[in-house]
Amino acid sequence: MAVFGAALAGCGSGGGEPRGSLAAPPPASASVSASASASASAAGQPAAAPTLAAGPGGLTPVFERAPATRAKTVALTFDADMTADQGPRAARGERFDNPALIASLRRLKVPATVFMTGRWAEEYPDQARSIGRDPLFEIANHSYSHHAFTSPCYGLPAVDRQAMRTDVERAFTAFRKAGARNVVPYFRFPGGCYDDEALRALAPAKVTAVQWDVVSGDAFARDGDAVADQVLAGVRPGSLVVMHCTRSAAPVTEQAVRRIVPELRERGYRFVKVSELLKS
Ligand SMILES: [Zn+2]
């Protein structure tokens with residue numbers, strides 16, 4: 001489990017590792033000035049989704065939560081992790097998908113953003129297509145390989161700086177090949193690890209980097225109630241929650257969602273996709 005463990009912990013929610021320990025720089029752009037007239041990205045994505053203006057020096061902008069919003073909105077995001085070298089494990093029966101989670105989100109009518117790796121879309125093209133054609137969801141980019149864009153990053157192997165843009169665009173290509181349509185130009189760094197070099201390298205891809213302010217702790221969790229408690233304690237208006245859509249390594253996420261959703265609705269929260277949170 002070592003490699004897989006590193007990969008999932010690399011999503012920033014494993015082992016209780018505080019995200020601040022990653023020594024990532026502050027967001028390149030502190031202001032949320034969503035541009036509703038975002039042009040199609042270099043990756044050929046639809047133009048409908050709002051994006052942030054580029055940061056200083058043209059760096060890829062970074063979004064963490066909707067600041068100073070008084071609206072009780074919250075975005076649940078699910079990282080559909082599969083690393084480039086995990087094909088043999090999938091062939092042996094390990095499940096990196098989580099159809100029950102997607103089914104529950106549909107049943108509960110919860111809009112959500114799925115940060116999918118290109119490798120995941122190749123392994124589960126029917127699900128990528130189904131998620132990517134359901135207006136309840138949007139697919140965002142979690143890289144093709146799920147390798148690190150700066151090191152160290154939870155033991156993930158590193159992507160060369162020259163290969164970063166290609167890795168991101170290869171994931172967009174995988175989504176298109178699967179037949180997904182609701183693809184948005186947002187990118188989540190594997191492990192949430194990034195630096196200015198990575199933000200610079202991805203500038204031509206014209207993506208908005210999306211982090212989070214609430215760590216669910218669902219990676220390798222055994223207790224769905226503990227995950228739900230952590231999310232319920234952390235959510236504020238405008239929050240962005242990171243969870244996983246990877247059954248073998250985040251087995252209680254669906255169970256947690258079934259508690260999180262009604263309790264947050266009871267508190268008056270409305271679930272939105274990241275694209276809507278960016279507009280608020
Ligand atoms: Zn991840």
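See the structure printed just above.
Chains are numbered independently. Their residues run from 1 in the order of the written sequence. With the structure being a predicted model, the display of local features is reserved for residues of pLDDT at least 70 and the display and counting of side-chain atom pairs for 80 or more, all residues being used for whole-chain, interface and lining totals. Only heavy atoms go into the side-chain values, all of them from the structure, while hydrogens and water stay out.

Attention shifts here to the pattern of salt bridges. In what follows, salt bridge is the name for a side-chain nitrogen of Lys or Arg lying within 4 Å of a carboxyl oxygen of Asp or Glu. A full pass over the atoms with the stated rule returns 15 salt bridges. Here Arg165 makes a salt bridge to Glu169, at a shortest N to O gap of 2.9 Å. In this pair, Arg165 and Glu169 both sit in helix 6 (residues 164-178), 4 residues apart, roughly one turn of the helix. As a salt-bridge pair, Glu276 and Arg270 come within 2.8 Å of each other at their nearest N and O atoms. By relative accessible area, Arg270 is classed as partly exposed at 44%. Residues joined by salt bridges that share partners form a network here, namely Asp225, Asp229, Arg259 and Glu263. By the criteria applied, helices consist of DSSP H or I runs no shorter than four residues and strands consist of E runs no shorter than two, each listed in order from the N terminus. Working definition: with a 1.4 Å probe on protein chains only, accessible area under 20% of the residue-type maximum means buried, over 50% means exposed, and in between means partly exposed.

A few words now on the environment of Val231. Relative to the elements of secondary structure, Val231 occurs in helix 8 (residues 224-234). Distance in space between the C-alpha atoms of Val231 and Gly217 is 8.4 Å, their sequence separation being 14 residues. Not counting chain neighbours up to four residues away, the residues in contact with Val231 comprise Val214, Ser216, Val241 and Ile260. Residue contacts are defined here by distance: any two heavy atoms, one from each residue, within 4.5 Å place the two residues in contact.

Moving on: the side chain of Asp81. Within the secondary structure, Asp81 sits in the loop between strand 2 (73-80) and helix 2 (87-91). Notably, Asp81 is buried but unbridged: the nearest opposite-charge side chain belongs to Arg188, and the N-O separation is 8.1 Å. Think of a polar contact as two N or O atoms within 3.5 Å of one another; within protein, one of them needs to be a possible hydrogen donor and the other a possible acceptor, and neighboring residues in sequence only count if both atoms come from side chains. There is a polar contact of 3.3 Å between the side chain of Asp81 and the side chain of His146. Asp and Glu count as negative and Lys and Arg as positive, but His and the ends of the chain are not part of the count.

Two aromatic rings, drawn from Phe, Tyr or Trp (for Trp, its six-membered ring), form a pair once their centres lie within 6.5 Å of each other, and the interplanar angle then sorts them: stacked below 30 degrees, edge-to-face above 60, tilted otherwise. For the structure on display, the rule yields 6 aromatic pairs. Look at Phe149 and Phe189: their rings are 5.7 Å apart centre to centre, the planes differ by 70°, and that puts the pair in the edge-to-face class. Placement of Phe149 in the loop between strand 4 (137-141) and helix 6 and of Phe189 in the loop between strand 5 (183-187) and helix 7 (196-201) is noted, with a sequence separation of 40 residues between them. One exposure class covers both Phe149 and Phe189, and it is buried. An aromatic cluster is present here, built from Phe149, Phe187, Phe189 and Tyr194 joined pairwise through their rings. Lysine and arginine charges are scored as sitting over a ring when NZ or CZ, respectively, is within 6 Å of the ring centre and within 35 degrees of the ring normal. The cationic tip of Arg170 hangs over the ring face of Tyr144; the distance from NZ or CZ to the ring centre is 3.6 Å. A cation sits over an aromatic face here: Arg188 above Phe115, 4.1 Å from the ring centre.

This part takes up the environment of Thr117. With respect to the element layout, Thr117 can be found in the loop between strand 3 (112-116) and helix 4 (118-123). Taking C-alpha positions, Thr117 is 8.9 Å from Ala84, a pair spaced 33 residues apart along the chain. What Thr117 contacts, discounting residues up to four positions off in sequence, is Ala80, Asp81, Met82, His142, Ser143, Tyr144, His146 and Phe175.

The two faces of the sheet receive side chains in turn, since in a regular strand these alternate between them. With respect to burial, strand 8 (residues 239-244) is a largely interior element, 6 of its 6 residues being buried. Think of it this way: DSSP has to see at least two bridges between two strands before they count as a pair. As defined by bridge partners, strand 2 adjoins strand 8 across 6 bridges and the pair is classed as parallel. Looking across to strand 8, one finds that Thr77 is bridged to Val242. Relative to strand 8, strand 7 (residues 214-215) is paired through 2 bridges, and the arrangement is parallel. Bridging from a neighbouring strand, Val215 pairs with Val242 of strand 8. Note on handedness: a clockwise path from strand one over the helix to strand two, with the strands aimed away from the viewer, defines a right-handed crossover. Crossover strand 7 to strand 8 through helix 8 is right-handed.

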